[in-house]
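Commentary on secondary and tertiary structure
What follows is the residue order along each chain.
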Amino acid sequence: MPKAVIYGKDGDKIQKILTALKSQGFNCLTVLSYDEAVLLLETEDDIIFVINEGNDSNKLIQNITSLPMYKRRNIFLVIVGDNVPTMSRLFAFKEGLNLTVNTKDIENFSAYFKKTYLEYKNFYKNFKELAIKY
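The shown structure was predicted, so the numbers you read here are calculated from the model rather than taken from an experiment.

As for its placement among the helices and strands, N102 is situated in strand β5 (residues 99–102). The buried category is assigned to N102, whose relative accessible area is 11%. Sequence separation between N102 and Q15 is 87 residues, and the spatial gap between their C-alpha atoms is 15 Å. In this view, N102 contacts G81, D82, N83, V84 and T86; residues no more than four positions away in its chain are not counted.

By size, the foremost hydrophobic cluster in this structure holds 23 residues, and its most contacted members are L21, V50, F109 and F113. Only β1 (3–7), α1 (11–23), β3 (47–52), β4 (75–81), β5 and α6 (109–133) provide two or more residues apiece to this core. By residue number, the principal contributor to this core is α6, which donates six residues. F113 has contacts with L21, Q24, F26, I48, F76 and L99, leaving out every residue within four places of it along the chain. Counting 21 residues, the second largest nonpolar core, distinct from the first, contains Y34, A37, L41 and L60.

On to the side chain of K71, then. Tracing the chain through its elements places K71 in helix α4 (residues 69–72). One buried charge, K71, has no salt-bridge partner; the nearest side chain with opposite charge is D45, at 4.2 Å.

The next subject is the pattern of salt bridges. Under the definition given, this model contains five salt bridges. The closest approach of N and O atoms between E107 and K16, which form a salt bridge, is 2.7 Å. Highlighted residues: E107 in the loop between β5 and α6 and K16 in helix α1, separated in sequence by 91 residues. In this structure K16 comes out as partly exposed when scored by relative accessible area, which is 37%. Residues E95 and K94 are paired through a salt bridge, measuring 2.6 Å at the closest nitrogen-oxygen approach. Here the salt bridges do not stand alone but share partners, grouping R89, K115 and E119 into one network.

Rules used in this analysis
Residues numbered from 1 in each chain as written. Predicted model: local features only at pLDDT ≥ 70, side-chain atom pairs only at ≥ 80, totals over all residues. Heavy atoms only, no water. Helix = DSSP H or I, 4+ residues; strand = E, 2+ residues; numbered from the N terminus. Buried < 20%, exposed > 50% of the residue type's maximum accessible area, 1.4 Å probe, protein only. Contact = heavy atoms within 4.5 Å. Core = buried A, V, L, I, M, F, W, Y, C linked by side-chain atoms within 4.5 Å. Lys, Arg positive; Asp, Glu negative; His and termini not counted. Salt bridge = Lys/Arg side-chain N within 4 Å of Asp/Glu carboxyl O.

Given below as structure tokens:
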């Protein structure tokens, strides 16, 4: 399983996300600074990034979405916050995200994540197989 990195400082929200991801078998890590997050982006190949809206979240999202496509495809990007709509494919597409979860829906994070991550894995499965082949 890939490593899951949670970037943010809201204790209760972060704890609920950690619990949800750990229950699905992910190795979780919490980072508090932008520099730590960027360092992980440079060193990890297959990673799930959950970003708590605020602070440097926009800067980090811009950093991730500007990565070369071969690297970006291996990053599953999630944002959680008060100003994002839950499970909005249009908002996610516009912002270069894989999943959006509003804070008020954090109790269902596990279900949203599981559904979207499965779709992501299925979508890129054939692509990755072909990329390895050729």
